[in-house]
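Chain by chain, the residues run as shown.
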Amino acid sequence: MNEIVLAKAQALFTGIIDGLPNVPDELKQRDKREPGRDRKILYENKLARALYKRFKAQRDKLEYTLQLWYPQRMKSEPPTDDIFTDAESEAEIIKILLLSYGHGVQLFEDEILIGLDYTTFNKEAADWARVHSTRLFKLLDDTSRGAVRSAVSTFIETPGFTIGDVMEILTSQPGSVFNSARAKRTAITEITDAYAQAELDAGLELKKQFSDVRVIKTWFTNNDSMVCPICGPLNGVSVEVGTPFIGGNGGEYDAPPSHPNCRCWMSTRTDILGDKVLQNG
Ligand SMILES: [Zn+2]
């Protein structure tokens, strides 16, 4: 790729895709104190692999589509919509989210000594995973679609820009939409979300079944120098279920994650004595 073409290509991708934070991923770990940590990391890795498989399938379909056009470069709008569906990885992703949510409910069950009727949670988990994954696929694909359009337009308009260059931009650059770093980042956020949602839903259910008991949720961060300014002040902070936490940015959050790559977790407990100090008084 020549320098001008490269500069032009990179200019297309300046800016932050999915709100990439400043801390390198490899420096961040899930907190040692975190309940269910090993299984969470296992699901996180499985999810990262499934997401990357999906990105790779999309990338391969795009490459094939471009090869069909080449060398005419005639079309002004690339037919990119049909490259995004990949049933196999989608099923795998939904399954991992479902298992994570289920494990989240189990962790809650281990902590709470009051017997709760958990039979509703199988359906709850299935509903959550289905709705949530549909939204996740749309979010990911919308960003990817934008990047693919830009790269393909450049390919069509710029002499000397090859299919290989398109693939390199979409796969091998730091902000590329089809790279493994994006898959990893998304997996971390999604696993954090699945577990926190399970705690949140179980806490609300507990409140419903035992309305006279105060049920509180507590936010935990890794509490190290890499914690972001939104989550940092929330470490150890409790509020009653049904009330949002107020983050360091003044924003309201029902549960982690408060941002992409957030490794915070939440614990829901009964507060029978009602003596826990809450963030909102
Ligand atoms: Zn966080």
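Residues numbered from 1 in each chain as written. Predicted model: local features only at pLDDT ≥ 70, side-chain atom pairs only at ≥ 80, totals over all residues.

A. Spatial organisation of the confidence of the model for the chain. A residue-level look at the chain finds 84% of positions with pLDDT of 70 or above and a mean pLDDT of 84. pLDDT under 50 marks residues 8–24. Its contacts with residues more than four places away, or in other chains, come to 27 contacts. (pLDDT = per-residue confidence, 0-100. Contact = placed C-beta atoms within 7 Å.)

B. Representation of the nonpolar core in the model. Counting residues in hydrophobic clusters, the biggest one holds 58 residues, and the most contacted among them are Leu47, Leu51 and Tyr101. When neighbours within four sequence positions are excluded, Leu51 is seen to be in contact with Ile93, Ala183, Thr186 and Ala187. (Core = buried A, V, L, I, M, F, W, Y, C linked by C-beta atoms within 7 Å. Buried ≥ 20, exposed ≤ 12 C-beta atoms within 10 Å, placed from the backbone.)

C. The pairing of strand β1 (residues 215–220), seen in detail. With respect to burial, β1 is a largely interior element, five of its six residues being buried. Where β1 lies against strand β5 (residues 265–270), six bridges are found, and the strand directions are antiparallel. Bridged to Ile216 within β5 is Arg269. Direction of pairing for β1 relative to strand β2 (residues 237–240): antiparallel, over a ladder of four bridges. Bridge pairing links Thr218 to Ser238 in β2. (Helix = DSSP H or I, 4+ residues; strand = E, 2+ residues; numbered from the N terminus. Pairing = 2+ DSSP bridges.)

D. A look at helix α4 (residues 120–157). A rise of 1.5 Å per residue sets the reference length of α4, with its 38 residues, at 56 Å; its end C-alpha atoms lie 55 Å apart and thus fit the reference within 8%. Taken together, the buried positions of α4 are occupied by Phe121, Ala125, Trp128, Ala129, Leu140, Ser144, Val148, Ala151, Val152 and Phe155. (Expected span 1.5 Å × (residues − 1).)

E. Representation of the packing of helix α3 (residues 87–111) against helix α6 (residues 180–209). Two elements in contact, α3 and α6, have axes whose closest approach is 8 Å; the angle formed by their N-to-C orientations is 45°. Classed by the angle they form, the pair α3 and α6 counts as oblique. In this structure, α3 crosses over α6, and the sense of that crossing is right-handed. Contact with α3, carried on its side by Leu97, Ser100, Tyr101, Gly104, Val105 and Phe108, involves Glu190, Ile191, Ala194, Tyr195, Gln197, Ala198, Glu199 and Ala202 of α6 and no other residues of that element. When the residues that make up the contact of α3 with α6 are grouped by side-chain class, the tally is nine nonpolar, three polar and two charged. (Axes fitted to C-alpha atoms, helices over the stretch in contact; angles between N-to-C directions. Parallel < 35°, antiparallel > 145°, perpendicular 65-115°, else oblique. Left-handed = near helix turned anticlockwise from the far one by under 90°. Nonpolar A, V, L, I, M, F, W, Y, C, P; charged D, E, K, R; others polar.)

F. The arrangement of the sheet that holds β5 in detail. The strand order across the open sheet built from three strands is β2-β1-β5, with neighbouring strands paired in antiparallel fashion. In this open sheet, the two edge strands, each paired with only one partner strand, are β2 and β5. Neighbour-to-neighbour, the strand axes of the sheet open up by a mean angle of 25°, direction not taken into account. Packed onto the sheet, α6 meets β1 and β5 and runs at close to 15° relative to β5.

G. Broad picture of the packing of α4 against α6. Contact pair α4 / α6: the axes reach a minimum separation of 11 Å and the direction vectors enclose 145°. In terms of crossing hand, the pair formed by α4 and α6 is right-handed. For the pair formed by α4 and α6, the contact residues are Thr120, Glu124, Trp128, Leu136 and Leu140 on the first element and Thr186, Glu190, Gln197, Asp201 and Glu205 on the second. Looking at the contact of α4 with α6, its residues break down into three nonpolar, three polar and four charged.

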